[in-house]
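The chain contents come next:
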Amino acid sequence: MANSASGESIIRRFITIISAFDDKHTSMSVAELGRRTGLPVTTTYRLVDELLLERLLERDPKGNIQLGTRMWELASRGSKTLGLREAALPFMEDVQSVVQHSTTLGVLDSDEVLYIERLGSTSTIMDITKIAGRLPVHATSSGMVLLAHSPSAYQDMILSRPLTKYTETTLTDPAALRRHLAEIRQRGFAAMPGVIVPESSGIAVPVYGSDSTVVAALSVVVPRDEENTAARVPVLMTAARGISRALGWRGKLKGTLRQSH
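Below, the structure is looked at part by part.

What counts, and at which threshold
Throughout this description, residue numbers start from 1 for each chain and increase along the sequence as written. Confidence filtering applies because this is a predicted model: local features only for residues at pLDDT of at least 70, side-chain atom pairs given and counted only at 80 or more, and all residues used for totals across whole chains, interfaces and linings. Side-chain numbers here rest on the full set of heavy atoms in the structure, without hydrogens or water. The numbering of helices and of strands both runs from the N terminus, where a helix is a DSSP run of H or I of at least 4 residues and a strand a run of E of at least 2. Inter-axis angles, ranging from 0 to 180 degrees, are taken between N-to-C directions of lines fitted to C-alpha atoms, where helices are fitted over the stretch in contact. Handedness of a crossing is defined here by the sense of rotation of the near helix relative to the far one, left-handed for an anticlockwise turn of less than a right angle and right-handed for a clockwise turn. Contacts were defined at the residue level, with two residues in contact if any of their heavy atoms lie within 4.5 Å. Amino acids are sorted into nonpolar (Ala, Val, Leu, Ile, Met, Phe, Trp, Tyr, Cys and Pro), charged (Asp, Glu, Lys and Arg) and polar (every other residue, Gly among them). Strand pairing is defined by DSSP finding a minimum of two bridges between the two strands. Nonpolar core, defined: a set of buried Ala, Val, Leu, Ile, Met, Phe, Trp, Tyr and Cys residues in which side-chain atoms within 4.5 Å join the residues together. Between buried and exposed lies partly exposed: a residue is buried under 20% and exposed over 50% of the maximum accessible area for its type, with that area taken using a 1.4 Å probe on protein chains only.

## Topic: unusual backbone geometry
Turning to step 1, where the next piece is worked out: A positive phi angle is found at R55, which is not glycine, with a value near 65°.
Turning to step 2, where the next piece is worked out: Within the secondary structure, R55 sits in the loop between helix 3 (41-53) and strand 2 (57-59).

As structure tokens, then:
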């Protein structure tokens, strides 16, 4: 694999350029792209030309650079999240129509929650979840559900690190987190009031794959004064059961997918 003078591979530099785009930087000039990536200007121009040639990048009407449609096409082929999103969407639409606030589907990726689908509404309050967005695993209801059902070695790795306290309700003490994870496994859902945004609460339940492992978390984000967990959880669990069965899960409703009393 060809390397640059600094020792970086060409592939790593391509990834650096692609990763510079986000929801706040959807298009930019090559010069701005160079500043965001820290790559030399001549290198940035050369790599951008190659990516434009392969249609992984495109020019917008103003001549700025943006991610190309072919990038989405290639990323979607064979993606394990594609089938998950397709299975989940009808059930997510049902949840969103009842709850009338954000409904999200998240998966574990490294040490974060990666949101692969999100449905919102005009009445949605402040909510920082976005499709393809990431949030810390310990500070979201989806993250806590996924962490609760992850292997013990993964839990140990997460809990051995310093954890950021975003609000007064964010759990960062390892012992307290372990107790909370055990409660989530026992009752089948996570309810996290104001752990990352003080004004909102997240409620999440697990989604199972055909091998009976938890593959995703289905959640809603509601105003903190409208949490009403007792009403939200059955809606989420019904949808999660439907998604799980669409994915080939044949488990029974006991333990992890039961409603709390």
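## With respect to the packing of helix 7 (residues 152-159) against helix 8 (residues 174-187)
Turning to step 1, where the next piece is worked out: Close contact between helix 7 and helix 8 brings their axes to 11 Å; oriented N to C, the two are set at 145°. Note on packing geometry: the crossing formed by helix 7 with helix 8 is right-handed. On helix 8, the residues that touch Q155, D156 and L159 of helix 7 are P174, L177, R178, L181 and R185.
Turning to step 2, where the next piece is worked out: For the contact of helix 7 with helix 8, a count of residues per class yields four nonpolar, one polar and three charged.

## Here's the deal with the pairing of strand 7 (residues 190-193)
Turning to step 1, where the next piece is worked out: Strand direction decides the pairing type here: strand 7 and strand 8 (residues 200-208), joined by four bridges, are antiparallel. The residue of strand 8 that forms the bridge with M192 is G202.

## Side note on the nonpolar core
Turning to step 1, where the next piece is worked out: Judged by nonpolar contacts, the single largest core of 25 residues is most densely connected at L105 and L218.
Turning to step 2, where the next piece is worked out: Residue assignment for this core shows that the elements contributing at least two residues are helix 5 (80-99), strand 4 (102-109), strand 5 (112-119), strand 8, strand 9 (214-223) and helix 9 (229-246).
Turning to step 3, where the next piece is worked out: The dominant element in this core, judged by the number of residues it contributes, is helix 9, at six residues.
Turning to step 4, where the next piece is worked out: Other than its neighbours up to four places away in sequence, L105 contacts L84, R85, A88, M92, L114, Y115, I116, E117, V207, A216, A217 and L218.
Turning to step 5, where the next piece is worked out: M144, Y154, I158 and A190 belong to the second largest nonpolar core, which has 24 residues in total.

Function cannot be inferred from these measures alone, as they are strictly geometric.
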